[in-house]
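# Architecture at a glance
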Amino acid sequence: MPLVQPEIRPAVQPVEGADLVLDAFLRHQVKHVFIFPGGTIAPILDRIEKRSKIEIVCPRTEQGAGYAALGYARMTGETAVFMVTSGPGVTNAVTPIADAYYDNIPLVVITGQVGTGDMRGDLPVRQRGFQEVDTVELMKPITKRAFLVKDIRELPDVMEQAFFLARSGRPGPVVVDLPMNVQRGACDDWRAPAKRTEVLPFVPQDKIETLAQWIAEAERPVVLAGGGVIAANAYQELRELADRFRIPVTMSMPGMGAYPSQGGLSLGLCGYAGSQYANLAMYKSDLLIGIGTTFHLRQTGSLPDKTVEKGRIARIDLDVNELRHSRVPLDLEINADAKAALTALNRALQAKPVPNNAAWLNRIEGWKATYPLLTGKPGKLPKPQAVIEAVNTAIRDSKVIVTTGVGQHQVWVPRHFDFDAPSRTLLTSSGHGTMGFDLPAAIGAKIAHPDSTVICFVGDGSLQMNIQELATVVERNLDIKIVVLDNHALSIVAQFQRQNWKSHPACGDKYNPDFAAIALAYGIVGVSITAQDDMAKKLGSALKHKGPVLIHCHVDPEEDLLPMLLGGHTLDDMSHDSSF
Ligand SMILES: Cc1ncc(C[n+]2csc(CCOP(=O)(O)OP(=O)(O)O)c2C)c(N)n1
């Protein structure tokens, strides 16, 4: 079915700005737009409704719409469109836009703006128009580009640039700020959009040869795979490299699933909350290869110069600036797309013999046995880790998408749930670390992949950031399983406070409502779990229910995130101390 309904396209020229925006959506085959309405985007909403079959998804807040757009973009691999009104719509949209920037998610954001005649411009006054805010200045540090279109003739080309920039190179958000008179103004001599083609960096063959040689010589190699491997769809190439050369693979949070959790060479999550064996392996490696990863604090700890004890670090990244300004000192920088670089690397390695690193793998097996992932002592209340493991066991579907909030539960999920790209995917707010990503991201993911099982693991704190989106779940009848890990605390911060200052003001002993009853009030099946004894059974039957379910799990509030890599410590020195 064609997206455009030509019979109701305005028959006469000139065309209005709002039509030119819609034309760009149609050129880019946009199927859904994620919006929260307001007067200054009303003209475009009108054109979408009247002239296209694009579906308007309208959650309950701008944050809800923004995170749904992010979940959708991640799961479709396409650029998502997010639209908000001027003023408060724009300021509410800042957080998801920042998330898209830090987690490399392609997003075109259309922001309404007051008419150009009402804009403050350079005048030394606070505001001229009602709901006027300087969107471009607000957005500059958190977008690849923020355009203000004052001349309607520029609009088609600006829209084209926005779609191009959002996806090209390292993806991210692009804002197009549209004053009312530009949206509603008519024009018959607009500048036709120029076609743009992406040029990926040329894979430096000499450096690939060097890395291949280092791999052939390495006795203790480790790969650290990041979100760049997933974004480039390079997991097959990564698996080929790791499996043939027997290289253990650890992953950053956005890189989870780049190598299957159940694969024999998987070290799981690394870094401040990673497994102890992953961190030990990184630290003791003689060749650490980072692929599509930023090597930031959460992955390597606070002592970047001491990421490895004695060894080389090579890094493959699409963003040349990340390489030029690497936090971790590098011995080899390869500026290339992860898939292209891994393909070239595997080719260069074809002629090389596979070194015998059995001693290294045995040493890692020893660490795995000595430092298994902790699941806490069983008690009356279920442990959060046990709940995640029970969901992991119950869900053996072929396509699973997991979203999380931020906190302890965010870290327990990659520790205790199996990921395997592209069939078992983790969506989480990594760089920006935003509570409230959880539920709306699950909504966007489910809209993108209606046939996938979507699980939202969420802390009691994170859920309450965007709990209103339960309405969107019901309205669209989205079969999402929401697993609330309620420890009556903002517990990761509470733990941090206790660790440093012996008390946890504002973070511990929180009053919480009956979330299952709230779900019920929205029209969603709600289940409460209050004991370890019947946890797995209740979970199993709730997860089998067809349609949305909220499972309110009262988990042990005493459970701390351990071990943990604290500031000032090297990767081999994680803290097990919970006697704060
Ligand atoms: C929007 C936002 N505000 C504040 C924080 C700081 N913060 C990080 S985790 C956290 C607590 C999260 O609590 P909860 O969702 O219950 O997860 P838990 O740690 O208990 O698993 C807070 C307050 C944040 N990451 N995001």
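Please refer to the structure higher up on the page.
Note that the coordinates shown come from a computational prediction; the quantities given were computed from them, not determined experimentally.

A word on the overall build of the chain. On a plain count of helices and strands, the chain comes out with 23 helices and 20 strands. Radius of gyration (C-alpha) of the chain: 25 Å, near the 25 Å computed for a compact globule of 580 residues. Along the first, second and third principal axes, the C-alpha set of the chain runs to 75 × 60 × 50 Å. For the chain, the residues scored as buried account for 57% of the 580 residues in total. Seen as two clouds, the 58 positive and the 63 negative side-chain charges of the chain have centres 2 Å apart.

What follows concerns the packing of aromatic side chains. Summed over all chains, the structure comprises eight aromatic pairs. Judged by centre distance (5.4 Å) and plane angle (40 degrees), the ring pair of F417 and F419 falls under tilted. By the burial criterion, F417 is buried, and F419 matches it. Connected via pairs of aromatic rings, a cluster forms that spans F417, F419 and F457. Above the face of the Y272 ring, R298 is positioned so that its terminal group lies 4.0 Å from the ring centre. Across from the ring centre of W214, 4.1 Å away, lies the NZ or CZ of R312, which sits over that ring.

The ligand sits among 17 residues. The nearest are Q408, G433, G461, S462 and S491. Separating an oxygen atom of the ligand from a backbone N or O atom of A489 is a distance of 3.1 Å. Considered on its own, the ligand offers 590 Å² of accessible surface; in the complex 77% of this is hidden by protein. Using a 2 Å cut-off from the grid points, one finds that the ligand occupies the second largest pocket. Secondary-structure elements contributing two or more residues to the shell around the ligand are α17 (408-416), α19 (460-463) and α21 (491-501). The residue makeup of the shell around the ligand, split by class, is seven nonpolar, nine polar and one charged.

Parameters and conventions
Residues numbered from 1 in each chain as written. Predicted model: local features only at pLDDT ≥ 70, side-chain atom pairs only at ≥ 80, totals over all residues. Heavy atoms only, no water. Helix = DSSP H or I, 4+ residues; strand = E, 2+ residues; numbered from the N terminus. Rg over C-alpha atoms; globule rule 2.2 N^0.38 Å. Buried < 20%, exposed > 50% of the residue type's maximum accessible area, 1.4 Å probe, protein only. Lys, Arg positive; Asp, Glu negative; His and termini not counted. Charge placed at Lys NZ, Arg CZ, Asp CG, Glu CD. Phe/Tyr/Trp six-rings, centres within 6.5 Å; stacked < 30°, edge-to-face > 60°. Lys NZ or Arg CZ within 6 Å of the ring centre and 35° of its normal. Near = heavy atom within 4 Å. Polar contact = N/O pair within 3.5 Å; in protein donor to acceptor, adjacent residues only side chain to side chain. Areas by Shrake-Rupley, 256 points an atom, 1.4 Å probe, with all protein chains shown as cover. 1 Å grid on protein atoms, 1.4 Å probe; cavity = no way out; pocket = protein on both sides within 12 Å on 5 of 7 lines; lining within 4 Å. Sits in = over half its atoms within 2 Å of the grid points. Nonpolar A, V, L, I, M, F, W, Y, C, P; charged D, E, K, R; others polar.

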